[in-house]
Structure formats: C-alpha cells, structure tokens
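Here are the chains, one letter per residue:
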Amino acid sequence: MVPENKCCEKCWTTPENPCPQYIDCVAGGELCHDSDSCKEEFAVKNKKLRREQLDRPAIFVGAGTCGLGAGADRTLQAIKKYLADNKVEADVVEVGCIGFCAVEPIVDVQLPERTRVSFKEITADKVPALLENVFKGDIPQEDLLGQHSSATLKPYESVGFLNEHPFFAPQTRWVLPNCGVIDPTQINEYIAWGGYSAFSECIREKVPAGLCEEVLESGLRGRGGGGFPTGRKWMFALNTPAEQKYLICNADEGDPGAFMDRAVIEGDPHRLLEGMAIAAYAIGATKAYVYIRAEYPLAIARLKLAIDQAKQNGLLGKNILDSGFSLDIIIKQGAGAFVCGEETALINSIEGKRGMPRPRPPFPAVAGLFGKPTVINNVETLANLPHLVKIGAKQFKALGTETSKGTKVFALSGKVANTGLVEVAMGTKLRDIVFAIGGGIPNGKAFKAVQIGGPSGGCIPTQHLDIEIDYESLKTVGAMMGSGGLVVMDEDTCMVDLAKFFMGFIQSESCGKCIPCREGTKRMLEILKRITSSRASQPGTGALTRFKGVMYLDRLAEVIKDTSLCGLGQTAPNPVLSTLRWFRDEYEAHIFENRCPAGACKELLTYNIDADKCKGCTLCVKKCPTGAIMGAPKSPHYIVPDKCIACGTCLEVCRFDAVSVK
Amino acid sequence: MIEIEINNRTVTAKKGEMLLEVLRRNGVDVPTLCHIPDLFPAGACRMCVVELEDQNRLVPSCAFPIDGSVRVKTHSPRVLRARKTIVELLLANHPNDCLYCQRNGSCELQSLAEELGVREPRYAGDKPVCKIDISSQSIVRDPAKCILCGRCVRVCEEIQAVGSIDFIGRGSNAKVGTAFDEGLNVSSCVNCGQCVMVCPTGALREQSHTKRVVEALNDPDCFVVIQHAPAVSVTLGEEFGIKPGLDVCGLATTAMRRLGFDRVFDTSFSADLTIMEEGSELVDRITNGGVLPMMTSCSPGWIKFVEQFYPDFIPNLSTCKSPQQMLGAIVKSYFAEREGIDPKKIFNVAVMPCTAKKFECQRPELSNGNLPDIDAVLTTRELARMIRMRGLDLMTLEPDECDMPFGKRSSAGKIFGTSGGVMEAAIRSAYFLITGNELETLDVKTVRGLEGVKEARLEINGLDIGVAVVSGLGNARKLLEEVKAGRKDLHFIEVMTCPGGCINGGGQPYGTDSKAVASRMKALYKIDRDEHLRTSHSNQAVAELYEQYLGKPLGEKSHHLLHTHYERREVML
C-alpha cells in the first residue's frame, strides 16, 4: 500500500516506514526536501480539494440518509442524466447532511471561479430547469437556500449567504463544519481542510497525561447523555496499569428522534476517526472499537471506507507517523438493542454476551472490555477532539456556560418547521433553537413543550422556553441533556399519551435483568394505558384498579429510580415524572373527567350528533361497528355513549356535518 | 481494615470486601434473590439495596466493594419500601397459587412477601401465559413462576459450564429458556439439577416419580424394592428440621419399610460392587495398555456431558454402570431368581440425591430387554415428602438394618456420596488387587475436601499412578481441556457432576449452602472413621454375590449385567 500523496521520488514515506511530517507535508506543503514544483503541486491540489479552484462545474447532492429519504438518489440520477444528455462536463459529489433535513434534497452547484450555491427541495423533476438556469448564470430565487462564503471566490450578487440564513446563523459548527460540505469518501479533502493535523500534533508533541489534562481543562463533557468530564474518564484509564487498554466509540444511537451521530459519521467520518485516534493515544489504547447499530448501513459503509483510507495513509495501524503509537479500529455492529448504548451492556455485547448491564464498580475505565481498562466515548464527544486540540483548552472553554463548555448538536424534530441537525453553543436559549433556528410551530398551532434527552429525558413546557441549555440547567426543570434529541410538541400532543409512548419504548427495550426496571416499567405502562382508555373497556373493578394505579404511580417511579441497575432503568420513570410535574392537569382531566384535552387519546373522545343538523339518513347507523347509534329514519339520531368505542366512523361518513367530537 | 458504620454500629471490614459479606458476617440479614456466593455479583434482583449516607441512590450491597469508611442503613423506611415494592412487583407477575405450589413453605419469594408485610396486590395487571416444559426426564420448568433472578442461568453457565439455558427476549417478554426455546430434553441440559437447587421459587423442580411409586406400592402384584444412595442418609434429616451432618440411615430404613416397600437395600452395597468392577477395569487398563486416563462413570450428568461435548473421551469412560443401575440389574436377575419372583413383577425404586438419575434410569441401554434395571427414582426431597404424607415422624422411629442380600456395605461404598469418595475407595481396593496387601493407612486425605480439583500421585508396586478428583462440570471441562491438550500424567479421574459430589446433588433438600455440604461431608467421613469394614473387597456380601452368581469381576455375567456403553449425543447447544 502506497499513499497516493507522493509528490516526487524524494518522498520516502510508506506505512512500514512512515514519515513523521506526512500530514504537514500533504496539507501545507511543508516538505522534507526543497522543491518549488512539489510545493506548488501540493498547493494546487489542496486548493482543488477545498474547491477554491475548479476546472469544471461541481454539483453537490446531500445524500445522507435524510437526503436519500427525501429522494436524493432520484435527484442524483436526474443530474447525471442531464449532464449526459447535454454533454456537460461536471463533477457530481455526494456529500453528507448539512443539517437542514426539512428541505432535503439539497443540491449545491459551483461554477469555476464562483461561490457554491445551495438549493433546497430539489426533487428529480426540478433538476433540468435548475441546472439549465445556473449554468447560464441565473440563480433561481424560489429554490435558493444561499451561497457559501469564500475569501477567494466571486460571490453572486443578490444571493444571501448561507451563514446568514436564519437556520444557520445562530449555529456554531465545531463538530459539523464539514458535514454536507466535503466529500466524505475522500480522505484528502478532510486533510486539505486541516484534518488529521491535530492528531499528528498530538502524537508528535504531546504526552498522553498532558493531553488528558488539556481535555479536562477544556471542560469537555460526555455528549452521550451522562455529561461526565471526558478528561477525568481518560485519566482513570490512563492511570490504571494494564498491558492492553481499549477505546470504544459508542455509536449505538438509539433515542427516538436522535440522529446526530449518524450524520457525523455519514458526512465526516474522518473527524470521528481522528478524534478516536487522539483519545486512544491519550489513554494508551492500541485497539479501538466502534460499536455502531446495524440500522445505519450508510454510516457503516462510510466508516469502513474511511478506516481503509486512514490505514493506507498510515494514520491507523502500526507506528503511526513514526511516533511508536499504534492503533487498530474495529467496527462492531449492534443488533438493535437500546440498552446496548449503556456502557457495560455495550461491553458485554462486544464480548459476545447478551447485552445486559453489569454492576459498577468496577468501572469500565478500570476493568471494562475483556477485563481491561476501557474508555467509552460517544461519537460527538470524540468528534469534538480535533477542533479542541487545534484551538486549545483555553479557547474551547471560552464558549459555553459555567459548567458546560463548547457546543452541542441537537436533532430537532417533531412539530417544528425546520427539522434537522443544529449545533449551537452551550447556553443557547431553548427559544432560539425552537423559534429562531427551528422556525417555530407549523400550521399556526401553539407550542406546548419540548421533549429533550430521549426517553430518559424530560419535557420542558412553555414557561421555561427561555432556559439556557446546559447540563445543569436542564436538570433543574426535570430534563436532561441526553444525547441531544429534541422533539417539539404542539397543542395537539397529549402529554399522557407522550409519556405512554416513551414508557412503551423503555419497557420493550428494558433488558429484563433487574426487577424494578423490568416489572416496574411494565406496570407503569399499564397504568398509563388505563388512564388513556375509556371506562367502557375496563369492566368490573377496572375503574377502581385504575385509580389505585394512579395513587401508586409516584411511589413506583421513585423506587424504579432509586433501585434500578443501569442508567436506562434509573431514568425510566422520567417521562412520567416530567409530564406529571408540568402537565398534571392533563393527567387529572384523563383520570377524573375521562377526557383528553388535546384530543389525542382516541378512546376518550365523545361523539355527539347535532339533532338540528341530522337528517336521519341512517348512513351512520349502518356503518357503526358496535350498533351504538339509534334513531328512526328521517328523524335525528343519537349515540349511546356506553356502546360507542370512539372509532370515528360516524364522523367520517356523515354528509351533513352533524357529528361532532370533543 | 476499614471501620464502617452499620445502623449506628461500628464494625470492621476488609478493603475490597463486598458490603453484603460484611453485613452477613455481622449478623445483619439483608435479603437477596440473585446472589450466588463466590460468583461475580449479578446485581439483578436489587433486594439487597441499602442506603449509604453520601449516595443519592440506593446501593446493592452485593456489588458494593468496601473502599473507605461508609455509613450504612440496611432497614431504613426508604430501603424497606424499595424492597417491598420489588416483591410486590414480582408478585404482580407471579401466579398466586402458593397453595398448589411444590415450594409452598420453602419459597424464597413467599417468605420475603411475608417478611416485608405484603398484604394486598398493589400493582395488578397482565400476567404472562407460559407453557410448562415437562419434556425433560429430570427437570420441570414452569416459566410462569420464574422471577428471572438468573441464578439457574449462572450456575448452568459459570459453575457447570453447560450453558443450556439463558435469557431470551427483552423487557417484560424476557424469560429463561433453551436454545431456540425448545424443550429441555433436546437441549444440552445434563439434568444435574443444580438449577433446581438455586431456584428461589417453584419455577424449577424435579420430574416427580412419587405417583408411580405410590401406585406400585398399592399394587398387590408388585414386589417393590427400594435402594437408597450413600448421600441420602446424611441429608434426609434436614428435611425434618435436623441440622446438617446427622446420619439417619437406620431411621430412613425403618421409614421406607413403613411406607410399604418389600425390601430396603443399600446402594452403598453396589458401590462396593462398582469398586470391584471398576478397580479391576483400571488395573486391566493400566497393565494391558487400555485407554487412559480412565474416568468414572457413576455420575449420569457427567456421562451426558461427555457424550455431547467431549465424545472423543467416550473410550476413557469406565464401562461400569452406576451403582444404582448395577443394583437394579442384580435385583431383577440374581435376587429374582433366588427369591423365585418374576422379574417383571419387581418394581425397582432408587432414592437418589440426584435428578440426573431419573434420566439415567430410562436410558434404553440400561435395561434387560424391555425390563429397565430401575423403574423409578425418588430424590431425597421426594422421599421426605412421602414420609410426611404417610404421617411418619422420622426422628421418633426405631432405627433398623437394611435387607440382605444387599444390605451390607463397607464404608468405602458409603463415601461414594462425597467428591473424592469413589477415588479413595478405588485406591484402597486397587492397591489390594495389585499388591495383594492392604494399604498401610486407608485414609487418602489428598483426595478429600471441598476443592473443585484435587490431585494425588501414588506408588503401587513400583507403578507411578496419577489420579485426579474433580467435582462440578466447570472444573471437569478445564481438566478435560488439559488432557486434550496433551497432559499424560493421569491414570484415573473421578468426576462428580455436582460441586462437592452427591452430598450437593440436585435432588437434595432446598436451601443447601456450602456449610451444609461441609457438614454432610464430615458425616460421611465420620462413618468411615468409625467403621471396621472399610474396603469394598472385604465386603463379604459382595464376595458372596461373585461366588454364587457373577463369577469374577469383569467376567461374562458382570459384562452382561454390570457394564454398559455410551454414544455420541447430538443436542442443541
């Protein structure tokens, strides 16, 4: 294997006998030998890789999982067809997701000498017209998102800059700068943008203890949910003597509504690899695993390719850049168990055992994978490292709040106009994320709450919209950072129903090992189901049991929190506790009045026939599956509440708008 | 030493020691449902949680190593509420059929519910509908009663190295099952019953033969013979409230007679017979270049283990039937002839400390045509149940002797009940068979004790003999791997399926702990110490049997009645 980046015969680096200055040389043209032509060659090459110099037009398609879901593959085909039909020479580049998932497929077009312009919602049918126009020099305004800013290229007049777009302007992109911009399948593009220089600097100039110290100093905390100081975790592992240590990248992103890790791996896999290499060096690990869920096939493919490229370039493997440090990265696919995101269950899973948590101590940093010291960091945490090392701890901790430094990526979803991936500085107001970046609630509905932190998190109601998000502030309102899923809910969302959804998720994803989590969540779910179902479906003492359940809901939740084995169980009652705290009135309406204020709990709806509007056509009588509608033909009908199962058929079939529901 | 404070009382603890051990040592009883001493804590049941002064959450004491001074509250209101809630949750998912349950009165869940004052079903809801697995000859699994403590899974995997059961499914659908959730009979289960011994509830129990025994007893045409294994007499008393370590052989014999058995024989007699056959086989293999190391064959769990996991070692197994089967075969041949009874009318019952014996007795090769050597096997527990059902107060009975011709035994046959016993008995007799002299001291202390692996080297007539004694299949697996890897210094290996041997068998009283096992072992060696007939070859009853019927060890009749063969076994692993 020979790196493709040799300038001339004088370059002597091989993976077996690596040159320590390899990255400096490739990225900056700092050569080991004096040669103007070689220098020039690198300079031009890097300009091209950074798309500052183009020989022919380049077309970029956001082909991450979200883009593909929106039809990016058909858009790609249309682009290729257009180019072939019109005999236009252009590069077509598949990039990852830039974060603005709501307007995928996103297509960027860059002409030589000009800035790169992004267009939104470019479905296949829009391709010919768009390319026709852009190649002519006309920028169609209706599909325009904005142009990338550049120091050297000529911008278009009357085209807004992407970084001034309301979705992007409030963001600080430390982890995502390359996502949706560079070609994730080209290691050289990553290097041209400064990639691997932080790692190269670390292994040549920093000692592991100093690196741990620096990361501790920076205030970087685990982005996977717990928020444990990364540097401290590293130090535990560094200071535990062992002949073998491991680093594990936790990419088992399982929270409903979370897709940060996927986007990073799909859009910028080398950033993750570089972060892993830095972390492994810091703790003295020579073997690292990426535990990634098998449901991310594209991310896995990108990662595999990236690992191969890094090996070819001598950035993974033995004696990396002649530093004496060696590292192998192995991909381990998870079989889709939520609990395997928990550190010790993840370790069990890698070891080939059933993914069930182990009691701690011993902590993984002391005795983890195969009994060896192991550090487990989440994708985002690791992807922070290249930038952190580059700017230094001081500058890193300058951004953020007292206790939480740097940025955080959130996956914004639910009832919000601009769904997507956003990276903001710690301490950004929730309101800014939902309303400024997110563009508010669609269809003129009212905001109700945000569910943050996945099933283990909590919801934040309107009165706390101005909270400045960091690890601690979220706890004060009964939520938590979690991995960064941010689901927006509007007035149509029933909070009891929401709690039921999350409880159902947790209960089916509990591993079944410890009793409080396994049995407790099952009973909590049953209680919620009873609350949200009609009295008709609870014959006998059903209604009584239902009251009893509610009486003990709090108590049960406390015990589950207090006694469960792992984080999943300890936070399992959060969806209930959190909604109970802020939306107790909704629970009460369900329990005492058998009514769902949001109108989401189907069984609790009551249907009525307006006697004035009803013509007595008997259509609803014929369609009612339970015979709950009475009345003679041509005279007003009525619904027998005890028989009605609230299926809504009468409402659907009535031609006179006589059926109402509340 | 670290000083810690338990409920305002200061005690000392070693660094790294688990809090639960400290608590128990100091007489503070904290309940557990998943704990197995000496294994890495599972931390699954959360019953042992305690409150620590500087911790937010309750901490499981089984998995909390002492690292510094702590203040512990073991029974604070918060702790008690947590424990009670956990039991309530278990009960909410448990069939409320205590009155019909075999473990009524010996169930750990039941007693915890009582201790914690659970008086009403607080959390009502769905209960799983489960099928009872009666496919196994030895063990019945009733998943509805399973509380998923995981003890059976861990014993099977970590102690027995069999791993035929594990958790299946997630959340409230999680359950314990075999590979592909098939019946236990087609799994790799070796029927040892160690899972039954650790099960806190009635989810695992033996396949009962009580009914067929009672029916045989009530059949006037049936001649019902019972034999009892060496390890039964030192444990049966525990079922009647006696502290472990008392031999109730005489009382048990009386009780069995009162139950209506026509003859009461002692399996220790056929243990002596086994030694004559197996000892001769060993001498034959050593002197005539047979397959070595020879391995014992009296433990049926071990036999199945070899057949399915190590079929290459089948030639190493002694061809001797187990003492149970030998006696069964002799009763239906020699005894039947002698007494003039039609062997078809004899119903052979064996009381065993074992569940695997139930599997063994139905192996087709252990029969004479259609006539099985043994018709029913009762565990120690089942015998105790029958005695109670009959209204007998064991401890007030008059002790009695077993019936002849199979009622006399040497103490060498008696110590078969403990790990190392077969080896010691074999050494005593092999020495005699080779040299013609008795050993100077009959005690072979190196093979005694509760350790999982014991080894010794002896010199007999200038022959350097290496022997090993292992108990617990996990230990057996390790030794087999050594032999497989080329270890050549061993001639004879005694393997007992259960850790400690039959005194810790899967058919023994519930609640057996390591202390009880030690006491039982002591009781067996005490019998041996006090006995004057201490070698199998000097048992006159055995000699008579050879004289009158069998001829000589390894002779043709022996071969036909007392020896068997084994086959590779395909199971789902």
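Quick caveat: nothing in here was measured; it's all calculated off a predicted structure.

**Regarding the overall build of chain A**
Helix and strand content of chain A: 24 helices and 18 strands. Relative to a compact globule of 662 residues, whose C-alpha radius of gyration would be 26 Å, chain A shows 28 Å and is just as compact. When the backbone C-alpha atoms are referred to their principal axes, chain A occupies close to 100 × 65 × 40 Å. Here chain A, with 662 residues, has 53% of them falling under the buried criterion. The contacts in chain A between residues at least 6 apart in sequence include a share of 70% that link residues at least 24 apart.

**Focus: the pairing of strand 9 (residues 374-378) of chain A**
All names here are of chain A. When you tally the buried positions in strand 9, you get 5 out of 5 residues, the bulk of the element. Taking every second residue as pointing to the same face, both faces of strand 9 are buried, with Thr374, Ile376 and Asn378 on one and Val375 and Asn377 on the other. Pairing geometry for strand 6 (residues 246-251) and strand 9, over 5 bridges, is parallel. Within strand 9, the residue paired with Cys249 across the bridge is Asn377.

**Topic: the interface of chain B and chain A**
Listed by partner, the interface residues are 32 residues for chain B and 28 residues for chain A. Taken together, the elements giving at least two residues each to the side of chain B that touches chain A come down to helix 2 (77-92) and strand 7 (166-168) of chain B. Ranked by residue count, the leading element in the side of chain B that touches chain A is helix 2 of chain B, at 7 residues. Within the side of chain B that touches chain A, the residues separate by chemical class into 18 nonpolar, 7 polar and 7 charged.

**What about the packing of helix 10 (residues 260-267) of chain A against helix 14 (residues 379-398) of chain A?**
All names here are of chain A. Here helix 10 crosses helix 14 at 45°, and the two axes come no closer than 9 Å. By the angle class used here, helix 10 and helix 14 are oblique. Across the interface between the two elements, Met260, Asp261, Val264 and Ile265 of helix 10 pack against Val379, Glu380 and Ala383 of helix 14. Its residues assigned to classes, the contact of helix 10 with helix 14 shows 5 nonpolar, no polar and 2 charged.

**Here's the deal with the pairing of strand 3 (residues 107-110) of chain A**
Where a strand is regular, its side chains alternate between the two sheet faces. Residue and element names in this part refer to chain A. Residue alternation in strand 3 divides its side chains into two sets, Val107 and Val109 and Asp108 and Gln110, and both sets are buried. Relative to strand 3, strand 1 (residues 58-62) is paired through 4 bridges, and the arrangement is antiparallel. Counted as the bridge partner of Val61 is Val107 from strand 3. Note: strand 3 against strand 4 (residues 116-119), 4 bridges, orientation antiparallel. Opposite Val107, over in strand 4, you have Phe119 as the bridge partner.

**Looking at the confidence of the model for chain B**
Chain-level statistics for chain B give a pLDDT mean of 95 and a share of 100% at 70 or above. Here the predicted complex carries an ipTM of 0.89, next to a pTM of 0.91.

**Focus: the environment of Arg457 of chain B**
All names here are of chain B. Along the chain, the position of Arg457 falls in strand 17 (residues 453-460). Separated by 311 residues in sequence, Arg457 and Cys146 have C-alpha atoms that sit 46 Å apart. Here Arg457 is in contact with Asp464, Ile465 and Gly466, once residues within four sequence places are set aside.

**Examining unusual backbone geometry**
In this structure, Pro293 of chain B follows Leu292 of chain B across a cis peptide bond, with omega equal to -5°. Position of Pro293 of chain B relative to the elements: it lies in the loop between helix 8 (267-288) and strand 12 (294-295). Following Met404 of chain B, the chain continues into Pro405 of chain B via a peptide bond in cis, with omega recorded as 10°. Residues other than glycine seldom take positive phi values, yet Asn594 of chain A does so here, at roughly 55°. Examined against the element boundaries, Asn594 of chain A turns out to sit in the loop between helix 22 (584-593) and strand 15 (607-609). At Asn7 of chain B, a position not held by glycine, the phi torsion is positive, near 45°. With respect to the helices and strands, Asn7 of chain B occurs in the loop between strand 1 (2-6) and strand 2 (9-13). Residue Asn7 of chain B is classed as partly exposed on the basis of its C-beta count, with 15 C-beta atoms lying within 10 Å.

**Re the environment of Asp97 of chain B**
Topologically, Asp97 of chain B is positioned in the loop between helix 2 and helix 3 (108-115). Overall, the presence of 11 C-beta atoms within 10 Å leaves Asp97 of chain B in the exposed class.

**Looking at the sheet that holds strand 17 of chain B**
Residues and elements named next belong to chain B. In spatial order, the strands read 12-19-18-17; together these 4 strands make up an open sheet with mixed pairing. The open sheet has two free edges, formed respectively by strand 12 and strand 17, since each of these has just one partner strand. Note: strand 17 against strand 18 (residues 463-471), 8 bridges, orientation antiparallel. Along strand 18, the bridge assignment pairs Glu459 with Asp464. Sheet strands touched by helix 14 (residues 421-435): strand 17, strand 18 and strand 19 (492-496). Its angle to strand 17, the strand with the most contacts, is close to 10°.

**Quick word on the sheet that holds strand 13 (residues 346-352) of chain B**
Residue and element names in this part refer to chain B. Strand order in this open sheet of 4 strands is 11-10-13-16, and the pairing throughout is parallel. Unpaired on one side and paired on the other, strand 11 (263-266) and strand 16 (376-379) mark the two borders of the sheet. The average undirected angle you get between the axes of adjacent strands in this sheet is 25°. Inspection of the sheet shows strand 10 (residues 223-228) paired to strand 13 by 6 bridges, in the parallel sense. Its bridge partner being in strand 13, Phe223 is matched across the sheet by Ile346. The strands touched by helix 8 within the sheet are strand 10, strand 11 and strand 13, with strand 11 carrying the most contacts at an inclination of about 40°. Of the strands in this sheet, strand 13 and strand 16 are in contact with helix 12 (residues 380-389), which crosses strand 16 at around 85°.

Reading guide: rules and limits
Numbers given for residues are sequential positions, taken from 1 along each chain in its written order. Written order decides the labels, with chains lettered from A and ligands numbered from 1. Totals for whole chains, interfaces and linings use every residue, but because this is a predicted model, local features are given only for residues with pLDDT of at least 70 and side-chain atom pairs only at 80 or more, for both listing and counting. Strands are runs of DSSP state E lasting at least 2 residues, helices are runs of H or I lasting at least 4, and numbering of each runs from the N terminus. When we talk radius of gyration, it's over C-alpha atoms, and the globule rule is simply 2.2 Å times the number of residues to the 0.38. The exposure scheme places C-beta atoms from the backbone and then counts, for each residue, the other C-beta atoms within 10 Å of its own, assigning buried at 20 or more, exposed at 12 or fewer, and partly exposed in between. Remark: residues whose backbone-derived C-beta atoms lie within 7 Å of one another are considered to be in contact. When DSSP finds at least two bridges between two strands, those strands are taken to pair. Only Asp, Glu, Lys and Arg are considered charged, only Ala, Val, Leu, Ile, Met, Phe, Trp, Tyr, Cys and Pro nonpolar, and every remaining residue, Gly among them, polar. To obtain an axis, a line is fitted to C-alpha atoms, over the contacting stretch when the element is a helix, and the angle between two such axes runs from 0 to 180 degrees between their N-to-C directions. Any angle from 65 to 115 degrees is called roughly perpendicular, while one under 35 is roughly parallel, one over 145 is roughly antiparallel, and all others are oblique. pLDDT expresses how confident the predictor is about each individual residue, on a scale running from 0 to 100.

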